[in-house]
Amino acid sequence: MTTHADTMPASAMLEPTGVEPGARVYHNKLGMWVFLLSEVMFFTALIGSYLILRFAHPEAWAAPGEMLNIPVTAVNTFILICSSVTMVKAYAAAAEGHQKAMCWWLVATVLIGATFVGVQLYEYTELVHKGFLPSSGLYGSTFYTMTGFHGFHVTVGVICMAWVTLKAFRGGYTQADHRGIEVVGLYWHFVDLVWIILFTIVYLI
Amino acid sequence: MAEATRHLPNYFGVWAMLALLTMAELGVAFLPWPKGTVIALLVLLAVWKALLVALYFMHLRYEPNRIRILAIAPLPLAVILVVAVIQEFR
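Each chain carries its own residue numbering, running from 1 in the direction its sequence is written. Working convention: letters from A go to chains and numbers from 1 go to ligands, in the order in which they are written. In view of the model being predicted, local features appear only for residues whose pLDDT reaches at least 70, and side-chain atom pairs are presented and counted only at 80 or more, with totals across whole chains, interfaces and linings using the full set of residues. Side-chain metrics in this entry use all non-hydrogen atoms of the structure; hydrogen atoms and water are not considered.

## Comments concerning the overall build of chain B
Along the backbone of chain B there are four helices and zero strands. Taking 90 residues into account, the globule formula puts the C-alpha radius of gyration at 12 Å, and chain B, at 17 Å, lies well above it. Here the C-alpha coordinates of chain B stretch approximately 50 × 35 × 15 Å along the principal axes. For chain B, contacts bridging at least 24 residues in sequence account for 55% of all contacts bridging at least 6. Reported accessibility uses the Shrake-Rupley method at a 1.4 Å probe radius. Residues are deemed covered only where the shown protein chains occlude them. Accessible surface for chain B amounts to roughly 5400 Å². Of this, 75% is attributable to carbon and sulfur atoms. Counting from the N terminus, the helices are DSSP H or I runs at least four residues long and the strands are E runs at least two residues long. For the radius of gyration, the atom set is restricted to C-alpha positions; the globular benchmark scales as 2.2 Å times the number of residues to the power 0.38. Note on definitions: a residue-residue contact is assigned when non-hydrogen atoms from the two residues lie within 4.5 Å.

## Thoughts on the interface of chain B and chain A
At the interface, 44 residues of chain B touch 52 residues of chain A. A side-chain nitrogen of Lys or Arg and a carboxyl oxygen of Asp or Glu constitute a salt bridge if their distance falls within 4 Å. For the pair chain B and chain A, the interface holds one salt bridge. Put simply, lysine 29 of chain A and glutamate 63 of chain B hold a salt bridge, and the shortest N to O gap is 2.8 Å. Two N or O atoms form a polar contact when they lie within 3.5 Å of each other; inside protein one atom must be a possible hydrogen donor and the other a possible acceptor, and for residues adjacent in sequence the pair counts only when both atoms belong to side chains. Our enumeration of links across chain B and chain A arrives at three residue pairs in polar contact (both at pLDDT 80 or more). Those elements that provide at least two residues to the side of chain B that touches chain A are helix H1 (11-29), helix H2 (35-57), helix H3 (65-72) and helix H4 (74-89) of chain B. Ranked by residues supplied to the side of chain B that touches chain A, first place goes to H2 of chain B with 10 residues. Residues were grouped as follows: Ala, Val, Leu, Ile, Met, Phe, Trp, Tyr, Cys and Pro as nonpolar; Asp, Glu, Lys and Arg as charged; and all remaining residues, including Gly, as polar. Classifying every residue of the side of chain B that touches chain A by side-chain character gives 35 nonpolar, two polar and seven charged.

## Concerning the packing of aromatic side chains
What characterises a pair of aromatic rings is the spacing of the ring centres plus the angle enclosed by the ring planes. All names here are of chain A. Any pair of Phe, Tyr and Trp rings, taking the six-membered ring for Trp, is counted once the centres come within 6.5 Å. Such a pair is stacked with planes under 30 degrees apart, edge-to-face with planes over 60 apart, and tilted for the rest. Here the structure, examined in full by the defined rule, presents 21 aromatic pairs over all chains. Between the aromatic rings of phenylalanine 35 and tyrosine 187, the centroid separation amounts to 6.4 Å while the plane-to-plane angle is 25°, which identifies the pairing as stacked. You can see phenylalanine 35 sitting in helix H2 (residues 27-56) and its partner tyrosine 187 sitting in helix H6 (residues 179-204), a full 152 residues away along the chain. On the accessibility criterion, phenylalanine 35 (37% relative accessible area) is partly exposed. Seen from their ring centres, phenylalanine 43 and phenylalanine 190 are 6.5 Å apart, and the 55° between their planes marks the pair as tilted. Residue phenylalanine 43 is found in helix H2, and its partner phenylalanine 190 is found in helix H6; the two are separated by 147 residues along the sequence. Take phenylalanine 43 and phenylalanine 190: they sit in the same class, and that class is buried. Through a chain of ring-to-ring contacts, the aromatic side chains of Tyr50, Trp61, Phe116, Tyr124, Phe132, Tyr139, Phe143, Tyr144, Trp195, Phe199 and Tyr203 assemble into a single cluster. Taking NZ or CZ as reference, arginine 179 lies 5.9 Å from the ring centre of tyrosine 26, over its face. The rule is simple: take the accessible area with a 1.4 Å probe, protein chains only, and divide by the maximum for that residue type; under 20% is buried, over 50% is exposed, in between is partly exposed. Ring-over charges, as used throughout, are those where CZ of Arg or NZ of Lys falls within 6 Å of the ring centre and within 35 degrees of the ring normal.

## Structural notes on the pattern of salt bridges
Per the counting criterion, the structure on display carries four salt bridges over all chains. The salt bridge involving lysine 49 of chain B is made with glutamate 25 of chain B; its shortest N-O contact spans 2.9 Å. Of the two residues, lysine 49 of chain B sits in helix H2 while glutamate 25 of chain B sits in helix H1, which places them 24 residues apart along the sequence. Judged by relative accessible area, which is 0%, lysine 49 of chain B ranks as buried. A residue is classified by how much of its surface remains accessible, and glutamate 25 of chain B, at 0% relative accessible area, is buried. Three or more residues are tied together by salt bridges with common partners; here these are Lys29 and Glu182 of chain A together with Glu63 of chain B.

## Re the state of the cysteines
Residue and element names in this part refer to chain A. A pair of sulfur atoms, both from cysteines and within 2.5 Å, is called a disulfide here. The final tally for this structure, using the stated rule, is zero disulfides over all chains. Free of any disulfide, cysteine 103 has its nearest neighbouring cysteine sulfur in cysteine 160, separated by 18 Å. Under the relative-accessibility criterion, cysteine 103 is labelled buried at 7%. On the basis of relative accessible area, cysteine 160 is assigned to the partly exposed category, the value being 34%.

## Comments concerning the layout of surface pockets
Whether a set of points on the 1 Å grid over the protein atoms alone is a cavity depends on a 1.4 Å probe fitting there but being unable to get out, while an open set qualifies as a pocket with protein on both sides within 12 Å along at least five of seven lines; lining residues are those with an atom within 4 Å of a point. Grid points are joined across faces, edges and corners, and a volume is the space filled by probe spheres set on the points. Taken as a whole, the largest pocket spans an internal volume of roughly 1300 Å³. The wall of the largest pocket is formed by 41 residues, among which Ile47, Ile197 and Ile201 of chain A together with Val47 and Leu75 of chain B lie closest to the centre. Considering only residue class, the lining of the largest pocket consists of 36 nonpolar, two polar and three charged.

Such coordinate-based values are descriptive only and should not be taken to indicate function.
Below you can see the structure in the form of structure tokens.
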């Protein structure tokens, strides 16, 4: 029986270690980077649409702080930044072979990430009580679209992180092989990076 | 296999810098300066923070050049997309 590997040219096959010969990184990580590049274009489309609508109809937007709660969101931004630190500390602990520390840094990341989502839901509740809805014109629709898609990404990240954390507690990651933590970490830091941009564009400008 | 030997940066130092920059953003946003100046400063601070995350938390600073090139590949496309559509609506 001919396998897929048999039909591939030798140069296209992965090395035994799983390192992609072209990019010199293992293929899980390369795949995550390619996915993140597509995410850059996704959020560019959202941010670009927002900027165009805002330039075309500046009168539809309230001044910074008039409608949105900037202090609460600033604290939430700091919370997300903290979760990036705990994530990268989990990676560092894994790379240094500190299994227990790796597990607890991951737990902290899940909890802090979930806190970010919780604060965002609280913010939405407050805004809805004030009558600021997705149907409240351009401002409302663009605000909920952008922050909603980001919130969805964070929620997916928390779920993935919870799965990785469970696997870590079961001994699924070692000092020699902790690819799962690094790959999910890349996604998590990207989500943090996107929020840094969104916080400036949506809340402060 | 993940790269076992890699220089790990001072993550808490980066975290402190990100916290400081976030506070600076809050200060700048409410400065009684011309709107254009405030926006330019806010964008600068946001780009600074994003670079810190990409370089040190996503380890782009320590990745091979091919990954760095891959990471910045969509940025010109993103700029073209936004600028082109803004021109259309001017």
